[in-house]
Amino acid sequence: MKTRSGVWLLFPAFISVLIFAFFPLIQIAIPTFQTPKGFLDLYTKFLENTYNLHVIGRTFKIALITTLIVLILGIPISLWIARQKSKIKSILTILILFPMLTNAVVRNFAWIIILGRNGILNKFLMSLHLINSPLNILYTDTAIIIGSVYLFLPIMIISLVGSVSELNIEAEEAAAVLGANPWINLIKIVIPQLVSGILTGCILVFAGAMTAYTTPQILGGNKNLVMSTLIYQQAMTLGNWKNASVIAIILILISASSMILMRKASHILDRRSDSNA
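Residues numbered from 1 in each chain as written. Predicted model: local features only at pLDDT ≥ 70, side-chain atom pairs only at ≥ 80, totals over all residues. Heavy atoms only, no water.

What follows deals with the packing of helix α5 (residues 104-115) against helix α7 (residues 141-165). Relative to each other, α5 and α7 sit at 135 degrees, their axes nearing to 11 Å. Accordingly, the angle class assigned to the pair α5 and α7 is oblique. Of the two elements, α5 crosses α7, and the hand of that crossing is right-handed. Listed contacts from α7 to Ala-104, Arg-107, Trp-111 and Leu-115 of α5 are Ala-143, Ile-146, Gly-147, Tyr-150 and Leu-151. Among the residues forming the contact of α5 with α7, the class breakdown is seven nonpolar, one polar and one charged. (Axes fitted to C-alpha atoms, helices over the stretch in contact; angles between N-to-C directions. Helix = DSSP H or I, 4+ residues; strand = E, 2+ residues; numbered from the N terminus. Parallel < 35°, antiparallel > 145°, perpendicular 65-115°, else oblique. Left-handed = near helix turned anticlockwise from the far one by under 90°. Contact = heavy atoms within 4.5 Å. Nonpolar A, V, L, I, M, F, W, Y, C, P; charged D, E, K, R; others polar.)

With that settled, the discussion passes to the packing of α7 against helix α10 (residues 195-211). Where α7 meets α10, the closest approach of the two axes is 8 Å, and the angle between their N-to-C directions is 165 degrees. Regarding the angle of α7 to α10, the classification is roughly antiparallel. Every pair of crossing elements has a handedness; the one defined by α7 and α10 is right-handed. Of the residues in α10, those touching α7 at Phe-152, Ile-155, Met-156, Ser-159, Leu-160 and Ser-163 are Ser-196, Gly-197, Ile-198, Gly-201, Cys-202, Leu-204, Val-205, Gly-208 and Ala-209. Residue composition of the contact of α7 with α10, grouped by class: nine nonpolar, six polar and no charged.

It is worth spelling out the packing of aromatic side chains at this point. Under the counting rule described, the total for this entry stands at four aromatic pairs. Aromatic side chains Phe-33 and Tyr-43 sit 5.3 Å apart centroid to centroid with 25 degrees between the ring planes, which places their arrangement in the stacked category. Of this pair, Phe-33 sits in helix α1 (residues 2-33) while Tyr-43 sits in helix α2 (residues 41-48), placing them 10 residues apart in sequence. With relative accessibility at 28%, the residue Phe-33 sits in the partly exposed group. Tyr-43 gets classed as buried once you look at its relative accessible area, which sits at 9%. With a centroid separation of 5.7 Å and 75 degrees between ring planes, the pair formed by Trp-111 and Tyr-150 is classed as edge-to-face. Residue Trp-111 is located in helix α5, and its partner Tyr-150 is located in helix α7; the two are separated by 39 residues in the primary sequence. Taking relative accessible area as the criterion, Trp-111 reaches 18% and is therefore assigned buried. Taking the relative accessible area as the measure of exposure, Tyr-150 reaches 32% and is therefore partly exposed. (Phe/Tyr/Trp six-rings, centres within 6.5 Å; stacked < 30°, edge-to-face > 60°. Buried < 20%, exposed > 50% of the residue type's maximum accessible area, 1.4 Å probe, protein only.)

If you want it as structure tokens, here you go:
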């Protein structure tokens, strides 16, 4: 009876997801396969174009670099936050989440002021005589990565703070007593216990960076297209909705495949950590 009750309670949510998520996706996908030249003709043409492959590569590169930087920054920050007193921890968590309450467009326009040729960063570096001429950071892949790191760092920190709170401190103390320095303690004791939190955060950040539109559009401009901005260009500028649908389906498949691989890696690493324990 409890199982049947649970199924009926989940039924409205299932129908809502089916109607508002899967049905529009099916409507987008069906026209891309209905071509006179073949079932996968549009997909073949898209993947044969070297420029399109370059855009896919740039999107994947930006998402991967963003995930790695966010992970490197997120681990020490989350360790520090999780080991504060409860009141301080709550305040720090609020401060970490506070930027997420501001619209992404506003935050990205702030980065234009910082990274522009006459922006705060260039003026600061030139005042210190570290550079002779302004750096061209804005409207490059670097600008997109900087904006993406700022956008997704809070997500990684929040994902890791919960895992850090469950760490076995006695294992760290025992390793320190046996002569392990802080770096060895971090790499061999702390990080293996954070595997699930790390991979959860990486999945969220990578998927978000792969599909982000606002940050690449504002900080990357029209010359440094990623898959999301290419979709907008094909649909809204060129009016080619079929090509836009093809790109959207490919983007979904790449993101889903990456998430599945990360989930499998998470299960494998969790089994190894359990067997070592």
